[in-house]
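Close look at the chain arrangement
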Amino acid sequence: MSAPALRARIEAAGYGRLMVLRDVEIHVSEGEVVALLGANGAGKTTLLRAISGLVRMRGTVDLGSASVTPKSPERMARLGVGHVPQGRGTFPNLTVHENLVAGAAARRGRLDLKADIERWTTVFPRLAERMQQNAGQLSGGEQQMLAVARALMGRPRVLLLDEPSLGLAPAVVHELFDKLAELNRDLGTAMLVVEQNATAALRVAHRGVVLEAGRVALAGAADELRDDQRVRQAYLGL
Amino acid sequence: MELFSQRLVDGLSSGCIYAALALAIVLVFRATGTLNLAQGEMAMFCCFLIWKLTDLGWPLIPAILAGVVAGFVGGAAIERVIIRPVEDSRDHLPVIIVTLGLLLALDSLAGGLFTVDTETLGSPFPSGSWHIGQVLVPYSSIGLFVVISALSGLMWFTFHRTRLGLAMRASVDNPESARLLGIRRSRMLMIGWGAAAALGALAAALVAPQTYVYTGMLQGVLLYAFTAATLGGFDSPAGAVVGGLLVGVLQTMVSGYVGFVGNDLSLMTALVVIIVVLMLKPTGLFGRPDSRRL
Ligand SMILES: Nc1ncnc2c1ncn2[C@@H]1O[C@H](COP(=O)(O)OP(=O)(O)O)[C@@H](O)[C@H]1O
Ligand SMILES: [Mg+2]
C-alpha cells in the first residue's frame, strides 16, 4: 500500500499551557475523504491548525515522503497542505479573481494561472460571474466556494476543510458537499473535513473519526458510523 | 489674476512636497496595514546621510541613490528589529506607539550623529523657472511633479499588477489566510517598510533644496502629508498626489487671501480640512470602502 497523503501523530498541541490534544493520530489515504467529527470544543479546529503550523504542537506530520514538525503555515503550504479555515477566511477587499491568484502564492516558477482559474470556475460557475467583485460582497455560500477554489489553486496534496457548512442554508450545504465529492472523485484530492453537520459530512466521506475532549474516541468506515445506533446517539446527536 | 495664478503655482509646488511624503505614508499603510509616525524622521535621517555623502565629495545623484538604498535597508532592519516584536495583526496601536518612540529616537540620533545645524542640499533639477506671462513655474517643481506622478503610477502598478503587490495586499487583508496560502507575511512587512523608507528618502532629498536639511525639516511637511493622505484616501497612490496638491493650494490660498490666517494658522486649516473630509467621506476622495461584511 502506498504512503498516505497525510499522517499526523500529535503527542500534544494547545495554547500556551492549555493542552487541547493528547496522543491523537490521524491519517488520510491518497484519494480518501475523512470526516473529523465531534462536539463543539472537542479540538477539531486545533487539530487542523496544528497540522498547518498555526498552533504549536509536539509530534510529526508526514506528507508523502516528507516528515516534519509543523512550525510555520508558510512552510506547510509549500509542502502541500491546503487549509480552508473555519469562517472561510477569504480576502474581503480583493476581487474574486485576485483571491484565486493569491491561492497560487506558494507555487514557484512561471505559472499558467489562467488554466487553473478556468478549471475551478467551471466547477464553481457562480464564481465565474463574480470575478471582478470584491470577495466581501459575496454570499456566505459563494465565499465558501471561493475559499475552496482558492485553496485548490495551490494544488494541495491534501485539503483540510474546517466546518465548511457553518452558517449556510441546508440547500447550499448540500450543493457544497456535492462539489466536494465531485472534486474528490474527479481529481482524487485527499480531504480531511471537520464538521458538526455529521449527516452532510458522512454522506461524502469514506471514513469518519470522532474526537472527544482532545482524543480520538471512535473511528470507522463512514457507513458504519452512520448506521450505528449507539454512535448516532452518543456522538453525532442524530 | 496674475497674483492668483502665481499663488496657484506656489500652492501646487508645495503640494508636490506634501504629495511625495504622502505617497510613503500610503505605501506603508497598503503594505503593512498600519501607520508609521516616524516616516518623516526616517526620511530626514536618510537625507542627512545624503547630505553627508555630498559633503564628503560624492556627486548628488549617486549620493541620493545611496541614500535610497540605505533607506530600504534601514527600513527593513527597523521592521525586523523594532517593529516585529510588537507586531500584532489584530491590534495596531502598539506598532503606532513604537513608531512614535522611533520618531523621538531618530530625531536626537540625527542631531548627535550629523549636526544640529541647518545644511543645504543641491537640487537634481535645473535651477530657474519657466515663465508663463508673469507667472514663474520653477523647474524644480515641474521635476518633482513628474517624479511623484511616476512613483504614484509605479506604486499602483506594483500593488495591482504584480504578484508581490497582490501578496502584500492579501497579507494586510487577512494575515492568517495569507500565511495558510504560503505568503510569507514577515517578508511582506519587511519589504513594505523598506520600500516606504526608500521612497521617503527620495522624497526628502527632492524637497531638501526648499526645506533645507535639519532635524525638523519634515515635521511641518509630515502633518500636511498626513492631511493629503487622509484627503486622498489612505489606500490610494493617486489620491495621495491629488490630496497633496489640494492641500498645497488650499494652504497657499487661505494664507494669501484670508488675512487673519497667515502662516501660523495654516496648520489649523489642515486640521479643519481633515475633519471636514472625514465627516463627509470617511474613506477620503479616492479611498475605497472596506468590503468586509460586519
Ligand atoms: N486561541 C485559543 N486560545 C486558547 N484556547 C483556545 C483557543 N482556541 C480554542 N481554544 C480552546 O481549545 C479547545 C478546543 O477548541 P477548538 O479546537 O476550536 O474546538 P472545535 O473546533 O472542535 O470546536 C476549546 O476548549 C477552546 O476553548
Ligand atoms: Mg472549530
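Everything below is about the structure shown above.
Source: prediction; values computed, not measured. (Residues numbered from 1 in each chain as written. Chains lettered and ligands numbered in written order. Predicted model: local features only at pLDDT ≥ 70, side-chain atom pairs only at ≥ 80, totals over all residues. Heavy atoms only, no water.)

**Points about the overall build of chain A**
Rule in force here: A run of H or I in DSSP becomes a helix once it reaches four residues, and a run of E becomes a strand once it reaches two; helices and strands are each numbered from the N terminus. For the radius of gyration, the atom set is restricted to C-alpha positions; the globular benchmark scales as 2.2 Å times the number of residues to the power 0.38. Classification of residues uses two cut-offs on accessible area relative to the type maximum, computed with a 1.4 Å probe and protein chains only: under 20% is buried, over 50% is exposed, and between them is partly exposed. Any two residues whose heavy atoms approach within 4.5 Å at even a single point are treated as in contact.
For chain A, the helix and strand inventory stands at ten helices and ten strands. Taken over the C-alpha trace, chain A has a radius of gyration of 17 Å; the compact-globule value for 238 residues is 18 Å, and the two agree within 12%. Seen through its C-alpha atoms, chain A measures out along the principal axes to roughly 45 × 40 × 40 Å. Each of the 238 residues in chain A was classed as buried or not, and the buried ones make up 57%. Taking the intrachain contacts of chain A between residues at least 6 apart in sequence as the baseline, contacts between residues at least 24 apart amount to 65%.

**Let's talk about helix α8 (residues 185-211) of chain B**
An α-helical segment advances 3.6 residues per turn. Residues three or four places apart therefore align on the same side. All names here are of chain B. The line we're drawing: Take the number of residues in a helix, subtract one, and multiply by 1.5 Å to get its expected span. Fitting one axis to the seven residues ending at a residue and another to the seven starting there, the bend at that residue is the angle between the two axes.
With 27 residues, α8 should reach 39 Å at 1.5 Å per residue; the first-to-last C-alpha distance of 37 Å fits that figure. Along its length, α8 reaches its greatest deviation from straightness, about 30°, at Ala205, and the proline Pro209 lies no more than four positions downstream. Burial within α8 is extensive, with 19 of its 27 residues counted as buried. Where α8 terminates, the next one or two residues include Tyr212, which has phi positive at roughly 65°.

**Section: the site of ligand 1**
Residues and elements named next belong to chain A. Rules: We call a residue near a given molecule or strand whenever any one of its heavy atoms falls within 4 Å of it. Each polar contact in these results corresponds to two N or O atoms within 3.5 Å; when the atoms are within protein, one needs to be able to donate a hydrogen and the other to accept it, and residues that are neighboring in sequence are counted only if both atoms are side-chain atoms.
In the vicinity of ligand 1, the contacting residues are Tyr15, Leu18, Val20, Ala39, Asn40, Gly41, Ala42, Gly43, Lys44, Thr45 and Thr46. Within the contact set of ligand 1, an oxygen atom lies 2.8 Å away from a backbone nitrogen or oxygen of Gly41. With respect to ligand 1, the backbone of Gly43 contributes an N or O atom lying 3.0 Å from an oxygen atom. Broken down by secondary-structure element, the contributors of at least two residues to the shell around ligand 1 are β2 (18-28) and α1 (44-51).

**Digging into unusual backbone geometry**
All names here are of chain A. Although it is not a glycine, Asp23 sits at a positive phi angle of roughly 45°. Following the sequence through the fold, Asp23 ends up in strand β2. Its identity as a non-glycine residue notwithstanding, Ala213 has a phi of 45°, on the positive side.

**A look at the sheet that holds strand β5 (residues 66-68) of chain A**
Residues and elements named next belong to chain A. Basically, it comes down to this: Pairing between two strands is assigned when DSSP locates at least 2 bridges connecting them. Angular values range over 0 to 180 degrees, each being the angle between N-to-C directions of two axes fitted as lines to C-alpha atoms, with helices fitted over their stretch in contact.
Reading across the sheet, the four strands line up as β2-β1-β4-β5 and stay open at both edges, with antiparallel pairing between neighbours. Edge positions in the sheet fall to β2 and β5, since each of these pairs with one other strand and no more. With strand direction ignored, the average angle separating the axes of adjacent strands in the sheet is 10°. With six bridges connecting them, strand β1 (residues 6-15) and strand β4 (residues 57-63) associate as antiparallel partners. The residue of β4 that forms the bridge with Ile10 is Gly59.

**Remarks on the sheet that holds strand β8 (residues 190-195) of chain A**
Residues and elements named next belong to chain A. Reading across the sheet, the six strands line up as β6-β7-β8-β3-β9-β10 and stay open at both edges, with mixed pairing between neighbours. The strands lining the two open edges of the sheet, one partner per strand, are β6 (81-84) and β10 (215-221). With direction set aside, neighbouring strand axes in the sheet form an average angle of 15°. For β6 and strand β7 (residues 158-162), the ladder comprises four bridges, and the chain directions are parallel. Note on β7: the bridge partner recorded for His83 is Leu160. Across the sheet, helix α7 (residues 170-187) is in contact with β3 (33-37), β7 and β8; its angle to β8 comes to roughly 160°.

**Side note on the interface of chain A and chain B**
Filter applied, for reference: Defined in terms of a 1.4 Å probe, buried area is the accessible area two parts forfeit on being brought together, summed over both. One speaks of a salt bridge when a side-chain nitrogen belonging to Lys or Arg is within 4 Å of a carboxyl oxygen belonging to Asp or Glu.
Contacts between the two partners involve 33 residues from chain A, matched on the other side by 23 residues from chain B. Surface buried jointly by chain A and chain B totals about 2400 Å² across both partners, of which 52% is contributed by carbon and sulfur atoms. The largest contributions to the chain A side of the interface with chain B come from Glu74, Phe91 and Asn93 of chain A, which together make up 25% of the buried area. Applying the counting criterion to the chain A and chain B interface returns three salt bridges.

**Focus on the packing of helix α6 (residues 140-152) of chain A against α7 of chain A**
Residue and element names in this part refer to chain A. Note the cut-off: Each angle receives one of four descriptions, namely roughly parallel if under 35 degrees, roughly antiparallel if over 145, roughly perpendicular if within 65 to 115, and oblique otherwise. Note: crossing handedness is left-handed where the near helix turns anticlockwise from the far helix by less than a right angle, and right-handed where it turns clockwise. When residue character is reported, Ala, Val, Leu, Ile, Met, Phe, Trp, Tyr, Cys and Pro are called nonpolar, Asp, Glu, Lys and Arg charged, and the others, Gly included, polar.
Following both chains from N to C, one finds α6 and α7 inclined at 15°, their axes separated by 10 Å at the closest point. One finds that α6 runs roughly parallel with respect to α7. Read as a crossing pair, α6 and α7 show a hand that is right-handed. Contacts between α6 and α7 involve Gly141, Gln144, Met145, Val148 and Leu152 from the former and Val172, Glu175, Leu176, Leu180 and Leu183 from the latter. Split by residue class, the contact of α6 with α7 holds seven nonpolar, two polar and one charged.

**A closer look at the coordination of the magnesium ion (ligand 2)**
All names here are of chain A. Convention followed: Only N, O and S atoms count as donors, using a 2.8 Å limit from the metal and a wider 3.2 Å limit for Na, K and Ca, and since water is excluded some coordination spheres may look unfilled.
Looking at the metal site, the magnesium ion (ligand 2) is ligated by Thr45 (OG1) and Gln86 (OE1), spaced 2.0 to 2.3 Å from it. Of the two residues, Thr45 sits in helix α1 while Gln86 sits in the loop between β6 and α3 (96-102), which places them 41 residues apart along the sequence. On the accessibility criterion, Thr45 (24% relative accessible area) is partly exposed.

Read these as geometric descriptors, not functional statements.
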